Amino acid sequence: MNKELIINSAPEGVEIALLEDKKLVELHYGRGQDQFAVGDLYLGKVKKLMPGLNAVFVDVGYEKDAFLHYTDLSPYIRSLVKFTRQSVEGNPAWGEDMGKFKNEGEILKTGKITEVFNGKPEIIVQVLKEPISSKGPRLSCEVSLPGRFVVVTPFNDVVAISRKIHSAEERKRLQKIVESVKPKNFGVIVRTAAEGKSTNELHTDILELEKTWKTLQKNLKGAKAPQMVLSEQDKTTSIIRDLLSDSFQKVVVNDKKLLAETKEYISRISPEQADIVTMHSNGQAIFDTYGVSKQVKASFGKTVNLNSGAYLIIEHTEALHVIDVNSGTRSGDVGQEQNALATNLEAAQEVVRQMRLRDLGGIIIVDFIDMKLPENRKKLYEAMEELMVTDRARHTILPVSKFGLMQITRQRLRPELNISITEACPTCKGTGKIGPSMLLGDDIEKDLKYLVTQGHQKLKLHVNPIVEGYLTKGSFLKPSIAKKWEKLHKVRLRVIGDNNSPLTEYNFYDAHTDDLIKL
């Protein structure tokens, strides 16, 4: 699979499109003023304890207090509170060496929030979910710093290996390497991307993250809650960090500064791929050149058409998303059951793409075309599981029910991406109303009279064909309206019907040069 990353830099931020085999599968927006993004670290202040919910509300500077549940506290919360307090005061007993930090006791998994927070302390929190709808951010105290190959977690010495690395021999190798190079008092989670990587690559990644933790500690000195103390990498580098692999063929940007930053970052994390970063400079909009704009227009909206003539209807509510699969104009000679299976398998590919593209989260119900045979329903379920392997969001898929429904839950970290693909009507300017048609003739004559005073003697008038008939219809005894205007204003006027012209729109052109005359 060939992957391309197309990055459009604009004054308001960056737009990032991920293409797989030329097909748009992910679209990300990074704004310069973005706050409360997943992964950001804040110095927050506990505002309100909620024993009934076993949670607290924390002030992190958002208009609504953020939510922190007991299950997201981390077993090492007491160590984190101690680290926060001494770092803010600026006199940590351990200096910058976390190996000398003395950990506090762990809390119970089944404990109460009131046992942890007696008062209203200041605490480091990490954004777990961005603000969605009327809810503030959801927070976690299980602080983690993601790198390309590993994720570092402070206050423990646990080494964990991604379950997606199946080889027992490779898991042992990675465990041995990480245990030999990791700093004391830092746990390490080895990501799937680390498979086959050398000791040097893993060690470099861990050292970078240790440096980031030291930066966090410096930022805490003298900080006053609420305050951001460490931001997640910008959208471009975080996507490259998580996605960059040998299948990447191209990263294209349209800004020289961003080109240098992206090249520098890729040179640092994967020097052999530095050459894939190129500058777009052919004069055309970058998203138009790579077909992104057209795919966005075709992929968003209530109805999504498939190549075979089938189509999807996508509806969403506050609680869930519903996707209805329709066969449309698709027909086949193989029988209803096989036709339904073929349509469902094609639709499954588009459903997975739409979930990634729109970043749908929560509960998703897919209403596939009914199939009678259990083995066909099983084929569809297995195909969906295989297609969802490329989805980075955590998800669960249930088999197709006897009603043809498939239930999917998908990790919801940020608001759904919703793009309006409609455009304002050029005639009514989006109001849904046009000017009074009975005054159209008066408006045209008024503009004609003005053009004559400006010295125009020969003119062409482009109007809707209906208006053309109205203006040119006449007889020998009763001249047309256009002929009356010619005689009255002493001008040569040719009325031309234009099928592309809206009913109440008209344009004057100079008959000599064919140039549009702007009024």
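No experiment lies behind these values; they were computed from the predicted model shown. (Residues numbered from 1 in each chain as written. Predicted model: local features only at pLDDT ≥ 70, side-chain atom pairs only at ≥ 80, totals over all residues. Heavy atoms only, no water.)

Caption draft 1: Structural detail: the overall build of the protein chain. Helix and strand counts for the protein chain come out as 13 helices and 25 strands. Rg of the C-alpha trace for the protein chain: 31 Å, well past the compact-globule value of 24 Å for 519 residues, more than 25% over. Principal-axis analysis of the C-alpha atoms places the extent of the protein chain at approximately 105 × 65 × 55 Å. Of all 519 residues assigned to the protein chain, the portion counted as buried reaches 43%. Restricting the contact set of the protein chain to residue pairs at least 6 apart, pairs at least 24 apart contribute 67%. When the accessible surface of the protein chain is split by element, carbon and sulfur atoms take 51% of a total near 28100 Å². (Helix = DSSP H or I, 4+ residues; strand = E, 2+ residues; numbered from the N terminus. Rg over C-alpha atoms; globule rule 2.2 N^0.38 Å. Buried < 20%, exposed > 50% of the residue type's maximum accessible area, 1.4 Å probe, protein only. Contact = heavy atoms within 4.5 Å. Areas by Shrake-Rupley, 256 points an atom, 1.4 Å probe, with all protein chains shown as cover.)

Caption draft 2: Just unusual backbone geometry, in detail. For the bond running from A225 to P226, omega is -5°, close enough to zero to count as cis. You can see P226 is positioned in the loop between α4 (199–220) and β13 (227–230). A positive phi angle, near 75°, is found at K22, a position not held by glycine. Looking at where K22 falls in the secondary structure, it is placed in the loop between β2 (13–20) and β3 (23–31). Residue classification places K22 among the exposed positions, given a relative accessible area of 55%. Here N54, not a glycine, exhibits a phi torsion of approximately 55°, which is positive. Relative to the elements of secondary structure, N54 occurs in the loop between β4 (41–50) and β5 (55–59).

Caption draft 3: Region of the structure containing the nonpolar core. Counting residues in hydrophobic clusters, the biggest one holds 57 residues, and the most contacted among them are L73, I77, F83 and W213. Per element, the largest residue contribution to this core is six residues, and it comes from α4. Apart from residues lying up to four places away in sequence, L73 is in contact with L68, I107, I113, V116, F117, C141 and E142. Formed by 27 residues, the second largest nonpolar core is a distinct cluster that contains A347, L380, I397 and M406. (Core = buried A, V, L, I, M, F, W, Y, C linked by side-chain atoms within 4.5 Å.)

Caption draft 4: Structural detail: a nonpolar patch on the surface. Nonpolar side chains collect at one region of the surface, where I434, I466 and L503 lie side by side and expose about 290 Å² of accessible area between them. Along the polypeptide, I434 turns up in the loop between β21 (405–410) and α11 (440–453). By relative accessible area, I434 is classed as partly exposed at 47%. (Patch = residues over 30% accessible without salt bridge, like charges linked within 9 Å, V, L, I, M, F, W, Y side chains within 5 Å. Salt bridge = Lys/Arg side-chain N within 4 Å of Asp/Glu carboxyl O.)

Caption draft 5: Structural detail: the sheet that holds β21. Spatially, β16-β17-β18-β19-β21-β20 is the arrangement adopted by the six strands of the open sheet, whose pairing is mixed. Each having just a single partner strand, β16 (303–305) and β20 (395–397) make up the two edges of the open sheet. When the angles between neighbouring strand axes are averaged without regard to direction, this sheet yields 20°. As defined by bridge partners, β20 adjoins β21 across three bridges and the pair is classed as antiparallel. (Pairing = 2+ DSSP bridges. Axes fitted to C-alpha atoms, helices over the stretch in contact; angles between N-to-C directions.)

Caption draft 6: Region of the structure containing the packing of helix α1 (residues 77–89) against α4. With their axes 7 Å apart at the nearest point, α1 and α4 run at an angle of 60° to one another. Here α1 is positioned oblique relative to α4, judged by the angle of their axes. Across the interface between the two elements, F83, S87 and V88 of α1 pack against W213, Q217 and L220 of α4. A per-class count over the contact of α1 with α4 returns four nonpolar, two polar and no charged. (Parallel < 35°, antiparallel > 145°, perpendicular 65-115°, else oblique. Nonpolar A, V, L, I, M, F, W, Y, C, P; charged D, E, K, R; others polar.)

Caption draft 7: Inspection of helix α13 (residues 481–489) at higher detail. Along α13, the residues classified as buried are A482, W485, E486 and H489. Projected down its long axis, α13 shows its buried positions confined to an angular sector of 100°, all on one face. What points out from α13, more than 90 degrees from its buried face, is the exposed set K483, K487 and L488. Those residues of α13 that are buried are in contact with α11, α12 (465–472) and β23 (492–497). (Arc of directions from axis to C-beta.)

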